[in-house]
Amino acid sequence: MSPVKESNGLENDTFAIHGHFCELENDGEGSDLSEEYDKNKLAYCVTDVPAWYLCIILGIQHLLTAFGGIIAIPLILSQGLCLQHDGLTQGHLISTIFFVSGMCTLLQVTFGIRLPIVQGGTFAFLAPSMAMLSMPEWTCPAWTQNASLVNTTSPEYIDVWQSRMRELQGSIMVGSLFQVLVGFSGLIGFFMRFIGPLTIAPTISLIGLSLYDSAGISAGNHWGISTMTTALIILFSQYLRHIPVPFPKYNKTKKLHTSRIYIFQLLPVLLGITLSWLICYIFTISNVLPSEPEQYGYLARTDLKGDVIGQAPWFRFPYPGQWGLPTVSLAGVVGILAGVLSSMIESVGDYHACARLSGAPPPPKHAINRGIGIEGIGCLLAGAWGTGNGTTSYSENVGALGITKVGSRMVIVTGGVLMIIMGLFCKIGAIFTTIPTPVIGGMFLVMFGVISAAGVSNLQYADMNSSRNVFIFGFSMFTGLVIPNWIFKNPDAIATGVVELDQLLQVLLTTSMFIGGFFGFFLDNTIPGTLRERGIIDWNKISLDDSSNTLESSEVYNLPFGISSCLSSFSWVRYVPFLPPNAPSSQDEAKVDSLATKQQPVKPELIRSVAL
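What you see is a predicted model; the values in this text were computed from it and never measured.

For the rest of this paragraph, the subject is the nonpolar core. Within the largest apolar cluster, 97 residues are counted, with the highest numbers of intra-cluster contacts made by Phe98, Leu115, Phe123, Met443 and Phe448. Here this core gets eleven residues from one element, more than from any other, and that element is helix 14 (residues 330–357). Apart from residues lying up to four places away in sequence, phenylalanine 448 is in contact with Ile76, Phe123, Gly208, Leu211 and Ala215. Residues Val100, Met103, Cys104 and Ala382 belong to the second largest nonpolar core, which totals nine residues.

Shown next as structure tokens:
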């Protein structure tokens, strides 16, 4: 077979030998779209199974694409958990979140939405978690901020951070039950009627903007190193992304030869962090960086965590309740609910984008309901295991599908297994804890900025020439910044006399995404405006095509292992929101073309991705 071309026009004979193309349907506008038509060809559709070694290679790529978000969350949480100077425990948290992300990915691909979409930690839970940990009763003791005073094995210190973690665990577990209910009951469709771009834009944007302090503190430990990290990520992701790099390759036809890969487009964050990390290591061993803790730039050294890699065990199996029995507070639960709502809405958009990029029909209602419900179960597992966070669908990996043209869910299954394996080997997590704080800060400057911009990008669906919409968005954003900032500076201002109510208001009013999302939702649904002006029509257009009763849809979205076939004979199945309806008859099947020829063209504007 002759070598085929990827979307960039470069040879990719690996796919030509082992795969087949799913051709996406032309728009019908003539031959002018022939080039775009070629670009939309998929090497593997959602139900295809590539060669085992391709599954491993592409699975590793998806793992690396999710790498930045997965390790960033434990490192940020460590500040609120008083773990800044406990590299070993940070490594355990990183291993745990990798393990749980792998489990949740397998659950989602197998029993959930059944699309090739990765599950991992979510920044939507980070803002309410940090707001809860900033309450006066959870403020870190002063001695935990001094590395010389911290004894990581002392019962006192262990109780300090584990008590905070258990509070987070309980809040996440209870809050996740709401997502389970909304998903499996089919309520997600009801909520989507009232939620549009003017609610989503401030909610998502304020996730990134509310974390500016964490980014500034980390980057400020050495502005030179953090600036270098930021510059490298920008260079790789924006300026060099279209430049291929030759890599050696071998196959039976061409023997040893070179193949060009867009490595900068695939792994800009990983490359930027790794290069800065290496430079910090060189500066450390050559004593360019100061060795005295009170000197500026000391935190850029790579040897601050001591022999954390040597102390970490080779193998450790994370288990539920490993930090103790979770505790629950009303304030924590209500705060987490704001993150749950944001995560659910973003995931629905990711499902549709993922379906189009993987050669699948638009996801039917039962699959969306099941996907959201499984995400809720994933958050429940994340809380039980003690990641300090929940799980959600990763937009970054949806974007990676468009780059690789490989939509096979078996690749994501492989990636999930690899994440579980990484979570079992603690030395891998320990290695990540040696990344200097300024390098992490440089990554935050890019990552949080892109998250903020991704939220604003949702305004493309609304009419921003409307003074109504400009007012709603501006007011929601500004109050989402002003009110939490004032509450932080005046923590004693809330004094109703009821301790539980004070805690609830403290968490909600210091969670920027809740404030912005609340005002956006309230004003958008009460101030008069047409559906088109509000952006509701365009926003919901992607979910209007419900193809749940086609052969292609059943092939992709029905439950595995013959479960759907077993249930198809029962009439009550049609009343269960998360179960597929009865399968089409054989006569209907004969009228349906193959999956590869029925897909709609990929529309990049539907991908609300925060990938670089």
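This is not the end of the story, as more comes after the structure.
As a further point, take unusual backbone geometry. Of note, cysteine 82 is a non-glycine position whose phi angle comes to about 65 degrees, a positive value. Positionally, cysteine 82 belongs in the loop between helix 3 (52–80) and helix 4 (87–111). Positive phi values are uncommon outside glycine, yet arginine 114 reaches one of about 65 degrees. Looking at where arginine 114 falls in the secondary structure, it is placed in the loop between helix 4 and strand 1 (119–120).

Here the focus is helix 5 (residues 126–133). The buried fraction of helix 5 amounts to eight of the eight residues, a majority that puts the element mostly inside the structure. Those residues of helix 5 that sit buried are Leu126, Ala127, Pro128, Ser129, Met130, Ala131, Met132 and Leu133.

Turning next to the packing of aromatic side chains. Applying the stated criterion to the full structure yields twelve aromatic pairs. For the ring pair tryptophan 161 and tryptophan 323, a centre distance of 5.1 Å and an interplane angle of 70 degrees mean the geometry is edge-to-face. Of this pair, tryptophan 161 sits in helix 6 (residues 155–185) while tryptophan 323 sits in the loop between helix 13 (308–311) and helix 14; the two residues are 162 residues apart in sequence, bridging distant segments of the chain. On the basis of relative accessibility, which here comes to 5%, the residue tryptophan 323 falls in the buried class. Centroid distance phenylalanine 518 to phenylalanine 519: 5.5 Å. Interplanar angle 70 degrees. Geometry classified as edge-to-face. Looking at phenylalanine 519, the relative accessible area reads 22%, which means it is partly exposed. An aromatic cluster is defined as three or more aromatic residues linked by ring pairs; in this entry it consists of Phe471, Phe475, Phe514, Phe518, Phe519 and Phe522. Above the plane of the ring of tryptophan 314 lies lysine 427, whose end atom (NZ or CZ) is 5.1 Å from the centre.

Next up on the list: the pattern of salt bridges. Taken as a whole and judged by the stated rule, the model has three salt bridges. Of the charged contacts in the structure, one is a salt bridge between arginine 468 and aspartate 524, with a shortest N-O distance of 3.0 Å. You can see arginine 468 sitting in helix 20 (residues 467–489) and its partner aspartate 524 sitting in helix 22 (residues 512–526), a full 56 residues away along the chain. The exposure class of arginine 468 is buried, given its relative accessible area of 9%. Aspartate 524 gets classed as buried once you look at its relative accessible area, which sits at 1%. Its salt-bridge partner being arginine 534, residue aspartate 524 comes within 3.1 Å of it at the nearest N-O pair. Of this pair, aspartate 524 sits in helix 22 while arginine 534 sits in helix 23 (residues 531–534), placing them ten residues apart in sequence.

Residues Leu181, Leu187, Phe190, Phe194, Phe518, Phe521 and Phe522 make up a contiguous nonpolar surface patch of about 640 Å² in total accessible area. If you list the elements that add at least two residues to the nonpolar patch, you get helix 7 (187–192) and helix 22. Ranked by residue count, the leading element in the nonpolar patch is helix 22, at three residues. Assessed through its relative accessible area of 42%, phenylalanine 518 is described here as partly exposed.

The rules behind each value
Residues numbered from 1 in each chain as written. Predicted model: local features only at pLDDT ≥ 70, side-chain atom pairs only at ≥ 80, totals over all residues. Heavy atoms only, no water. Core = buried A, V, L, I, M, F, W, Y, C linked by side-chain atoms within 4.5 Å. Buried < 20%, exposed > 50% of the residue type's maximum accessible area, 1.4 Å probe, protein only. Helix = DSSP H or I, 4+ residues; strand = E, 2+ residues; numbered from the N terminus. Contact = heavy atoms within 4.5 Å. Phe/Tyr/Trp six-rings, centres within 6.5 Å; stacked < 30°, edge-to-face > 60°. Lys NZ or Arg CZ within 6 Å of the ring centre and 35° of its normal. Salt bridge = Lys/Arg side-chain N within 4 Å of Asp/Glu carboxyl O. Patch = residues over 30% accessible without salt bridge, like charges linked within 9 Å, V, L, I, M, F, W, Y side chains within 5 Å. Areas by Shrake-Rupley, 256 points an atom, 1.4 Å probe, with all protein chains shown as cover.

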